[in-house]
Amino acid sequence: MPTSRRPRVSLLVTDLDNTLWDWFAIWHASFSTLLDVLINLSGIDGTVLEHEIRKIHQERGTSEYSHLLQEIPSLADAHPGADLAEIYGEAISASRSAREQAMVLYPGVLEALREIRSRGTQIIGYTESQAFYTTYRVKKLELDGVMDVLYSPPDHDFPKGVNASQLRTRPDSEYELQVTQHRSTPPGEVKPSARVLETIIRDASRQCTEVAYVGDSLMKDVAMAQTVGVADVHAKYGVVVGRDAYALLQRVSHWPESDVRNEEALRTKSAITPSIVLERGFYELPDVFDFTSP
Ligand SMILES: [Mg+2]
């Protein structure tokens with residue numbers, strides 16, 4: 001497309017999980033390792049553990065709950081009064097190293113974001129994943145400073161007497177963002193609710209016509225962008241619904257059962273048609289718009 005025909009965009013809002021990196025692969029590597037080692041060490045049936053874990057995830061509002069193991073009832077019953085993190089330390093460390101290994105950006109993400117930024121366009125991240133893991137990933141994947149602002153929910157409630165610092169295995173400076181500004185989204189606001197995206201655009205003093213939003217979920221990201229009236233971009237390369245391994249996430253996820261079913265239904269009959277589709281990768285994005293400064 002000739003440059004003049006491409007829509008001008010001075011604010012790019014991007015989803016993070018499965019848009020910039022394969023959150024599902026990271027989650028699956030980490031969680032399936034934890035579960036497998038727990039089953040082996042404890043001898044407790046996998047379906048029992050999955051059932052108990054789902055309840056904990058729903059209570060905590062996340063499927064990445066760092067204190068999970070310590071709250072699994074059947075493990076607590078098997079070792080009354082014992083320190084479960086110590087007994088099952090092997091599961092924790094195996095899961096952690098599987099997660100670290102899986103933590104990479106999709107190809108070309110960093111280069112594409114830097115290119116867009118070099119044209120003067122503001123870049124804002126908006127995720128539903130909680131602050132603890134999100135800021136760690138942003139930092140680890142060298143995105144601190146590439147995004148101007150990051151919006152995420154605050155952390156889940158930690159167990160009594162435990163705070164974020166105690167859950168960190170490295171110094172705080174490895175987790176906190178130095179350049180990108182971190183802002184919390186209000187409790188209970190989830191995509192595709194338009195409210196947070198509208199706030200982001202207002203806070204950035206932009207009009208909807210100057211904004212593009214990119215994300216992998218038709219139901220959440222694309223639907224939200226269309227409601228708000230910004231240019232919607234579907235990160236199709238990031239879609240994982242339907243992968244065999246995805247069933248594990250559906251079984252233990254904090255998502256309400258209705259969300260899981262809706263997502264499946266959407267996969268088979270696509271009710272939402274995105275305006276722009278990135279088929280192969282995020283690296284296609286710089287050519288889609290005329291990215292400019294405001
Ligand atoms: Mg996503």
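Provided above is the structure to which this section pertains.
From a predicted model like this one, the values you see are computed outputs, not experimental measurements.

Undergrad: Help me understand the coordination of the magnesium ion, please; the structure alone is not making it clear to me.
TA: Ideal geometry at a metal centre: 109.5 degrees between donors when four sit tetrahedrally, and 90 or 180 degrees when six sit octahedrally. Within the first shell, the magnesium ion binds the protein through Asp15 (OD), Asp17 (O) and Asp216 (OD), at distances of 2.1 to 2.2 Å. If you list the donors of the magnesium ion from N- to C-terminus, the spacing comes out as D-x1-D-x198-D. Placement of the pair is aspartate 15 in the loop between strand S2 (11-14) and helix H1 (23-42) and aspartate 216 in the loop between strand S6 (211-215) and helix H10 (218-228), with a sequence separation of 201 residues. Of the two residues examined, aspartate 15 and aspartate 216, each falls in the buried class.

Undergrad: Help me understand the pattern of salt bridges, please; the structure alone is not making it clear to me.
TA: It is possible for side chains bearing opposite charge to pair when their charged atoms get close. The final tally for this structure, using the stated rule, is 15 salt bridges. In this structure, glutamate 128 and lysine 220 form a salt bridge, with 2.9 Å as the shortest nitrogen-oxygen distance. Pair noted here: glutamate 128 is in the loop between strand S3 (122-126) and helix H7 (131-140) and lysine 220 is in helix H10, with a separation of 92 residues, a long-range link. For glutamate 128, a relative accessible area of 27% puts it in the partly exposed group. Here arginine 195 and glutamate 189 are joined by a salt bridge, their closest N and O atoms 3.0 Å apart. Using a relative accessible area of 53% as the deciding quantity, one classes arginine 195 as exposed. Since its relative accessible area comes to 16%, glutamate 189 is described here as buried. Overlapping salt bridges bring together Asp15, Lys191 and Asp221 as one network.

Undergrad: Would you mind going over the environment of arginine 99 with me for this structure?
TA: Mapped onto the fold, arginine 99 is located in helix H5 (residues 89-102). For arginine 99, a relative accessible area of 14% puts it in the buried group. As for arginine 99 and leucine 75, which are separated by 24 residues in sequence, their C-alpha atoms are 23 Å apart. Aside from chain neighbours lying at most four places away, what touches arginine 99 is Ile26, Ser30, Tyr133 and Arg137.

Undergrad: Explain empty space enclosed by the protein here, please?
TA: Remark: the empty space left among the atoms is shown by a probe the size of a water molecule rolled over them. All told, the structure shown has two cavities of 30 Å³ or more when counted by the stated rule. Here the residues of the lining of the largest cavity sort into two nonpolar, six polar and two charged. Two domains each provide a minimum of three residues to the lining of the largest cavity, namely domain 1 (3-22 + 104-291) and domain 2 (23-103). Of the voids in this model, the second largest cavity is the one considered here, and its volume is about 40 Å³. Every residue along the wall of the second largest cavity is listed here: Met219, Lys220, Trp255, Asp259, Val260 and Glu263. Tallying contributions element by element places helix H12 (residues 257-268) first for the lining of the second largest cavity, with three residues. A per-class count over the lining of the second largest cavity returns three nonpolar, no polar and three charged.

Undergrad: Just to check I follow, could you spell out unusual backbone geometry for this structure?
TA: Glycine aside, negative phi is the norm for most residues, and most peptide bonds take the trans geometry. In this chain, lysine 191 is followed by proline 192 through a cis amide linkage whose omega measures 10 degrees. If you trace the backbone, proline 192 turns up in the loop between strand S5 (181-184) and helix H9 (195-203). Phi is positive for asparagine 18, which is not a glycine, with a value near 60 degrees. Here asparagine 18 shows up in the loop between S2 and H1. A relative accessible area of 4% places asparagine 18 in the buried class. Of note, the phi angle at serine 205 is positive, near 55 degrees, even though the residue is not glycine.

Undergrad: I keep staring at the pairing of S3 and nothing clicks. Help me out?
TA: One face of the sheet, then the other: side chains in a regular strand alternate in exactly this way. In terms of burial, S3 is largely enclosed, as five of its five residues are buried. Side chains Gln122, Ile124 and Tyr126 project from S3 onto one buried face, and the interleaved Ile123 and Gly125 project onto a second face that is buried too. The sheet contact formed by S2 and S3 spans four bridges and is parallel. Residue leucine 12 lies in a different strand from S3, and its bridge partner there is isoleucine 123. In terms of strand pairing, S3 meets strand S4 (residues 149-152) through three bridges, oriented parallel.

So, how was this worked out
- Residues numbered from 1 in each chain as written.
- Predicted model: local features only at pLDDT ≥ 70, side-chain atom pairs only at ≥ 80, totals over all residues.
- Heavy atoms only, no water.
- Donors = N, O, S within 2.8 Å, 3.2 Å for Na, K, Ca; no water.
- Helix = DSSP H or I, 4+ residues; strand = E, 2+ residues; numbered from the N terminus.
- Buried < 20%, exposed > 50% of the residue type's maximum accessible area, 1.4 Å probe, protein only.
- Salt bridge = Lys/Arg side-chain N within 4 Å of Asp/Glu carboxyl O.
- Contact = heavy atoms within 4.5 Å.
- 1 Å grid on protein atoms, 1.4 Å probe; cavity = no way out; pocket = protein on both sides within 12 Å on 5 of 7 lines; lining within 4 Å.
- Points joined across faces, edges and corners; volume = space filled by probe spheres on them.
- Nonpolar A, V, L, I, M, F, W, Y, C, P; charged D, E, K, R; others polar.
- Domains from an automatic or database assignment.
- Pairing = 2+ DSSP bridges.

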